[in-house]
Amino acid sequence: MRNFLLLIFLFSISESIIGQNLEGIWMSYNDRIIDKNKGYSSNIEGVIINFDQSEISQILSDTSYQIRINRNESFIKSEFANLNTKYKLYQTDSLEIEIASNTNSVFHPLNLNYPINSTREKIENLIVGDCWRILNDSIKTKFLNNIHPISDRNGKIKILETIWDQSRPLVGNWFIGEIKNNFFLFLTVEDTTERNIYQILSVEKDKIDLIPMQEHHYRLREIKTCM
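Residues numbered from 1 in each chain as written. Predicted model: local features only at pLDDT ≥ 70, side-chain atom pairs only at ≥ 80, totals over all residues. Heavy atoms only, no water.

Draft legend 1. The arrangement of the overall build of the chain in detail. When its secondary structure is counted, the chain shows two helices and 17 strands. For the chain, with 227 residues in total, the buried portion stands at 44%. By sequence separation, contacts in the chain at least 24 residues apart represent 43% of the contacts at least 6 residues apart. By element, 48% of the accessible surface of the chain is carried by carbon and sulfur atoms, the whole surface being about 12900 Å². Across the chain, the centroid of the 25 positively charged side chains sits 1 Å from that of the 29 negatively charged ones. (Helix = DSSP H or I, 4+ residues; strand = E, 2+ residues; numbered from the N terminus. Buried < 20%, exposed > 50% of the residue type's maximum accessible area, 1.4 Å probe, protein only. Contact = heavy atoms within 4.5 Å. Areas by Shrake-Rupley, 256 points an atom, 1.4 Å probe, with all protein chains shown as cover. Lys, Arg positive; Asp, Glu negative; His and termini not counted. Charge placed at Lys NZ, Arg CZ, Asp CG, Glu CD.)

What follows is the structure, given as structure tokens:
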């Protein structure tokens, strides 16, 4: 009996150690609102933590910041967004940090086993065009190359036009992020709606295959090119 209890104790310790083994590159998506009765920030996904290099950044930014992590106290500190707060780690597959007020950014380890021998600009050129994609039978979407007003000075965020059930054209936005030659598509039906996030699995001349990571309104698994 004593040996059995000792094994349980050692197992619990090992589980705790494994749970604190933060490594690799994680990205925030499927964020969680703390109190829906209060104001909160939206569409702030795409924050990147590189635990191997102790850096944090935004997927569209070329600037990264050092992070300091106290694993014993589950505390993280960085100049990025003036981080100085505790985090919550759930097993080894998600970590929550309140980066913006009343919003927990939820980080997940990325699978970076889909490198693509291309560039962000080349993939954008395959997606943009004066053609409508029919999605979910009732949603028509057009990816434009026009820079969206919310874009940074590099002009990486583009305009997305959507017609939903014969509605007036809605203006949303889209952009492509890159991490170690793995590419990610971010898009919103309208600027005020939830963001959709996909990892690009492969790029061909006539289509781009996608893996859903965070999805609202669409059920998008591929994008046909306008060629």
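Moving on from the model shown.
Draft legend 2. Quick peek at the layout of surface pockets. The calculated volume of the largest pocket comes to roughly 370 Å³. Of all elements in the fold, only strand 3 (47–50), strand 4 (55–58) and strand 13 (170–179) reach the threshold of two or more residues within the lining of the largest pocket. Per-class residue counts for the lining of the largest pocket are seven nonpolar, eight polar and six charged. In this structure, the second largest pocket spans a volume of roughly 260 Å³. (1 Å grid on protein atoms, 1.4 Å probe; cavity = no way out; pocket = protein on both sides within 12 Å on 5 of 7 lines; lining within 4 Å. Points joined across faces, edges and corners; volume = space filled by probe spheres on them. Nonpolar A, V, L, I, M, F, W, Y, C, P; charged D, E, K, R; others polar.)

Draft legend 3. Expanded view of the pattern of salt bridges. A complete count under the given rule lists 11 salt bridges for this structure. Measuring nitrogen to oxygen at the nearest pair gives 3.7 Å for the salt bridge that ties Lys207 to Glu222. Of this pair, Lys207 sits in strand 16 (residues 207–214) while Glu222 sits in strand 17 (residues 222–224), and the two are 15 residues apart along the sequence. Residue classification places Glu222 among the partly exposed residues on the basis of a relative accessible area of 30%. Ionic pairing is found between Arg221 and Glu215, a salt bridge with its closest N-O pair at 3.0 Å. Beyond isolated ion pairs, a larger network of salt bridges with shared partners links Arg120, Glu121, Glu124 and Lys158. (Salt bridge = Lys/Arg side-chain N within 4 Å of Asp/Glu carboxyl O.)

Draft legend 4. The arrangement of the pairing of strand 9 (residues 103–109) in detail. Across the seven residues that make up strand 9, a large majority, six, are buried. For strand 2 (residues 32–33) and strand 9, the ladder comprises two bridges, and the chain directions are antiparallel. Bridge pairing in strand 9 places Ile33 opposite Thr103. Pairing of strand 8 (residues 94–100) with strand 9, which is carried by four bridges, proceeds in the antiparallel orientation. Opposite Ile97, over in strand 9, you have Ser105 as the bridge partner. Once strand 8 ends, the chain turns through two residues before running back antiparallel as strand 9, passing Asn102 with a positive phi of about 65°. (Pairing = 2+ DSSP bridges.)

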